[in-house]
Amino acid sequence: MKFGNENIRDHFTEEELNAIIRDMIVAGSETTSNTLLWCFVLLMHHPEHKKTIVKEIDEAMGADGIPSSKLREKMPFTCAFIQESVRYFTVVPMGSQHYCQENIKIHGYTIPKGTTILSNLWGVHNDPVTWPNPSQFDPHRHIDDQGKYRNSRNVIPFSIGPRSCLGEALARQEMFIFLIAILQKYEINPVPGEPLPSLVGINSLTYTPANFKLILTER
Ligand code: HEM
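Analysis parameters
Residues numbered from 1 in each chain as written. Predicted model: local features only at pLDDT ≥ 70, side-chain atom pairs only at ≥ 80, totals over all residues. Heavy atoms only, no water. Near = heavy atom within 4 Å. Polar contact = N/O pair within 3.5 Å; in protein donor to acceptor, adjacent residues only side chain to side chain. Helix = DSSP H or I, 4+ residues; strand = E, 2+ residues; numbered from the N terminus. Nonpolar A, V, L, I, M, F, W, Y, C, P; charged D, E, K, R; others polar. Donors = N, O, S within 2.8 Å, 3.2 Å for Na, K, Ca; no water. Phe/Tyr/Trp six-rings, centres within 6.5 Å; stacked < 30°, edge-to-face > 60°. Buried < 20%, exposed > 50% of the residue type's maximum accessible area, 1.4 Å probe, protein only. Lys NZ or Arg CZ within 6 Å of the ring centre and 35° of its normal. Salt bridge = Lys/Arg side-chain N within 4 Å of Asp/Glu carboxyl O. Expected span 1.5 Å × (residues − 1). Contact = heavy atoms within 4.5 Å. Axes fitted to C-alpha atoms, helices over the stretch in contact; angles between N-to-C directions. Parallel < 35°, antiparallel > 145°, perpendicular 65-115°, else oblique. Left-handed = near helix turned anticlockwise from the far one by under 90°.

Visitor: I tried to follow the site of the ligand on my own but got confused; where do I start?
Guide: Taken together, 23 residues lie near the ligand, and T31, S96, H98, R163 and C165 sit nearest. The backbone of S96 places a nitrogen or oxygen atom 2.9 Å from an oxygen atom of the ligand. At a separation of 2.7 Å, an oxygen atom of the ligand approaches a polar side-chain atom of H98. Elements that contribute at least two residues to the shell around the ligand include exactly α1 (14-45) and α5 (168-185). Element by element, the count of residues in the shell around the ligand is highest for α1, at six residues. Residue classes in the shell around the ligand are distributed as 12 nonpolar, 10 polar and one charged.

Visitor: Before we go on, may I ask you to explain the coordination of the iron atom of the ligand in this structure?
Guide: Reference values for angles at a metal are 109.5 degrees in the four-donor tetrahedral case and 90 or 180 degrees in the six-donor octahedral case. If you check the protein contacts of the iron atom of the ligand, you find one donor only, C165 (SG), at 2.3 Å. In this fold, C165 is placed in the loop between α4 (121-125) and α5.

Visitor: Whenever I open this one, the packing of aromatic side chains confuses me. Can you help?
Guide: Aromatic ring pairs are defined here through the distance separating the ring centres and the angle between the ring planes. Applying the stated criterion across every chain yields a total of six aromatic pairs. Aromatic pair Y88 and F89: ring centres 4.9 Å apart, planes at 80°, arrangement edge-to-face. According to the relative accessible area criterion, F89 is buried, its value standing at 5%. Ring pairs connect the aromatic residues W38, F81, Y88, F89, F137 and Y207, which therefore count as one cluster. R72 extends its terminal NZ or CZ atom over the ring of F176, reaching a point 5.9 Å from the ring centre. In this structure, R87 packs its charged tip against the face of W131, placed 5.6 Å from the ring centre.

Visitor: Which parts of the structure should I look at to understand the pattern of salt bridges?
Guide: What the rule picks out here adds up to six salt bridges. A salt bridge links E84 to R87, with the nearest nitrogen and oxygen atoms 2.9 Å apart. On the criterion of helical spacing, the pair formed by E84 and R87 is a turn pair, its members being three residues apart in helix α3 (residues 76-88). The pair E84 / R87 is uniform in exposure class, with both members buried. In this structure, the salt-bridge partner of K213 is E194, at a minimum N-O distance of 3.7 Å. Residue K213 is found in the loop between β9 (207-209) and β10 (215-218), and its partner E194 is found in the loop between β7 (186-189) and β8 (201-203); the two are separated by 19 residues along the sequence. Residue class for E194 comes out partly exposed when judged on its relative accessible area of 39%. Salt bridges here are not isolated pairs; linked through shared partners, they connect E84, R87 and R141.

Visitor: Hey, could you run me through α5 in this one?
Guide: In an α-helix there are 3.6 residues to a turn, and that puts residues three or four apart on one side. For α5, spanning 18 residues, the distance from its first C-alpha to its last is 26 Å, which sits close to the expected 26 Å at 1.5 Å a residue. Those residues of α5 lying buried are A171, M175, F176, L179, I180, L183 and Q184. Lining the buried residues of α5 we find α1, α2 (47-61), α3 and β7.

Visitor: What exactly am I supposed to notice about the packing of α1 against α5 here?
Guide: Where α1 meets α5, the closest approach of the two axes is 10 Å, and the angle between their N-to-C directions is 40°. Compared by their axis directions, α1 and α5 come out oblique. The hand of the α1/α5 crossing is right-handed. Along the contact surface, α1 presents T32, T35, L36, C39, F40 and L43, while α5 presents A171, E174, M175, F178, L179, I182 and L183.

Shown next, in the form of structure tokens:
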């Protein structure tokens, strides 16, 4: 490791390793698992979308195919559903804190050196100019005229720039693979006679769904 020009080390200290491992676990597990939980909540609120996703799964990999991120091309609606889920529920609403290292001027605003900066990712995902009727959950926002998945620069749950989420590629793969693997083998349903899971979450380290029940039935 190199610190400045002089201090060169070829190993981490135990303290550094601890911090890195803790970061990877906290940053890497709660975020991805909460996003998946929100996907389940949304599937129960939108059985019509669940039906379309299950159809894509059955056509793209059948009952015994191996879930893989290579299937994304064949499953545009599933990709759009996940993308709309991460827009609709921004699990890290304000990104993480950054420190402004020098005086800087952006679009006429002066940000003095030393300012703590938070990026309002929730705001980007709920801007009515980019997303008409932002409080409506609609995966079709991410599907083009040819029925293909359309990526958007305005869905930024991992933030942007040099300090954006280190785990974005991994998280995107995990969310896709876990979701299709579960729906390939199980049907997800709400508990009959009970209210659907709440669409209002809890603000903790991440934006988390309140405890909810679901029924998994083998397909
Ligand atoms: C859906 C899942 C995830 C979401 C929504 C998410 C979101 C974020 C956000 C918003 C940041 C702050 C970026 C900033 O403000 O500049 C961040 C940072 C970070 N994330 Fe993730 N993350 C996810 C999954 C993961 C995974 C799976 C890992 C690792 C295996 C990971 C590791 C990190 C690390 C190490 C940072 C700090 C990067 C830095 O400070 O340079 N994240 N993440």
